[in-house]
Amino acid sequence: MRSLLIRCSPGRLLTGLASFSTRHNKLVPQVAAAPHRCFQRHMMHYQTEERGHPNCTDYRIYFKTSEGNYISPFHDIPLFAHSEQDSDVPAKKRKESETELLFNMVVEAPRWSNAKMEIATKEPLNPIKQDTKKEKLRYVANIFPYKGYIWNYGALPQTWEDPNHTDKDTKCCGDDDPVDVCEIGTQVCFPGQVIQVKVLGILAMIDEGEMDWKVIAINAEDPEAKKLNSIDDVRRTRPGHLEATVDWLRKYKMPDGKPENKFGFNEQFQGKDFAVEVIKTAHDHWRALVQKQSDGGGLSCKNVSCCDSPFKCSAEEARDTVHSAPAYGSPHPMPPEAVDKWHYV
């Protein structure tokens, strides 16, 4: 096993590892990992490069492959962890086994953190950035008894909740973002980490009238992953966990003066099969988006791997996009009132 630790002047790269897959008898680079930690799985290897100053509006986390090519986490990371895209849209037909079907998840905000980190869907190459409101950084409030996010929160690449599509069950349109994921494993991830997850179920959250699905999943490398294969397994082995998820999602915007979020299906979680169908539909909508068959509005669809996409760009253009961002600098302090204050709602 070979460790890759790279640091360069334009930005800061996180650590990754590469390992051989005996099953496929070829080198399969693996998921990016924090320093001194690794998460082994048969998948592509991604690195992250930081630009700007952490805890500042210019901070960005860009993605690149082990070959050094910059990519978009929205468009260039495959949705299906075991699929082989060969730079094609749509991906090649994959061999499916529902018990082994794994998805790539891009972690945006780690558990217990407060910074509202998200894929910048409207910026070229879609780096992760901290969301802003009126030019001020946004933080998720601590709503007693929850400290920040209560799971590793992120998104499924190559999915899009089309705002022009009305869901047949909830009668709500999509929120114009990738499908969100609440990863309930025991490990705390880091922003920009790409992990493989098992989908367990899904919750139909309605955010200000928009459909905002929340997939419940677990890191396939988590020690408890083998025990959790359905939403009923979560309910049985983790009493109160699903109820806390609904409670958190209902209240998390209230400290900002917004009303409670609503839910479809009478606040009931739907099972794995239902969740996979929602994900596949969102994947189809994404394919139409990058092929310019749907109106993406202000979304940036620049990518480096989707052959049939009119938005495909060269590796040189992608590199120029990243290098035009401010160089990495020292972190700014986090405001205590945003991360230490408790709210009671």
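Cut-offs applied
The residue numbers shown here count from 1 along each chain, following its written sequence. Where local features are concerned, this predicted model is filtered to residues with pLDDT of at least 70; where side-chain atom pairs are given and counted, the filter is 80 or more; whole-chain, interface and lining totals use all residues. Heavy atoms throughout the structure, all of them, feed into the side-chain values; hydrogens and water do not. Strands are runs of DSSP state E lasting at least 2 residues, helices are runs of H or I lasting at least 4, and numbering of each runs from the N terminus. Only protein chains enter the area calculation, which uses a 1.4 Å probe; residues under 20% of their type maximum are buried, those over 50% are exposed, and those in between are partly exposed. In protein, a polar contact requires one atom able to donate a hydrogen and another able to accept it; more generally it is a pair of N or O atoms within 3.5 Å, and residues adjacent in sequence count only if both atoms are side-chain atoms. With a 1 Å grid spanning the protein atoms alone, the term cavity applies to any set of points in which a 1.4 Å probe fits but cannot get out, the term pocket to an open set with protein on both sides within 12 Å along at least five of seven lines, and the term lining residue to any residue with an atom within 4 Å of a point. Grid points are joined across faces, edges and corners, and a volume is the space filled by probe spheres set on the points. Side-chain classes follow a simple rule in which Ala, Val, Leu, Ile, Met, Phe, Trp, Tyr, Cys and Pro form the nonpolar group, Asp, Glu, Lys and Arg form the charged group, and the remainder, Gly included, forms the polar group. Along the arc lie the directions from the helix axis toward the C-beta atoms. We call two residues in contact whenever any of their non-hydrogen atoms come within 4.5 Å of each other. Salt-bridge detection follows one rule: a side-chain nitrogen of Lys or Arg within 4 Å of a carboxyl oxygen of Asp or Glu.

Topologically, Asn114 is positioned in the loop between strand S9 (103–109) and strand S10 (117–119). Residue classification places Asn114 among the buried residues on the basis of a relative accessible area of 4%. Here Lys147 takes part through its side chain, which lies 2.5 Å from a polar atom of the side chain of Asn114.

It is worth spelling out the layout of surface pockets at this point. As a volume, the second largest pocket reaches approximately 790 Å³. Surrounding the second largest pocket, 34 residues form its lining, Lys116, Glu118, Asp131, Asp175 and Asp177 being those nearest its centre. Every element with two or more residues in the lining of the second largest pocket is listed here: S10, strand S12 (132–133), strand S15 (152–155), strand S19 (210–219) and helix H2 (241–251). The residue inventory of the lining of the second largest pocket, partitioned by class, reads 12 nonpolar, two polar and 20 charged.

This part is about helix H4 (residues 315–323). If you check which residues of H4 are buried, you get Ala318, Thr321 and Val322. Each buried residue of H4 sits inside an arc of 95° when the element is viewed along its axis, so together they form one side. If you follow the buried residues of H4, they end up packed against strand S6 (46–51), strand S7 (60–65) and strand S8 (70–71).

Applying the stated criterion across every chain, the model contains 20 salt bridges. Its salt-bridge partner being Glu123, residue Arg60 comes within 2.9 Å of it at the nearest N-O pair. Pair noted here: Arg60 is in strand S7 and Glu123 is in the loop between S10 and strand S11 (128–130), with a separation of 63 residues, a long-range link. Taking the shortest distance from any N to any O, the salt bridge between Arg287 and Asp284 comes out at 2.2 Å. Note that Arg287 and Asp284 are positioned in helix H3 (residues 272–290) at a spacing of three residues, about one turn of the helix. Since its relative accessible area comes to 22%, Arg287 is described here as partly exposed. Overlapping salt bridges bring together Lys116, Glu118, Asp131 and Arg138 as one network.

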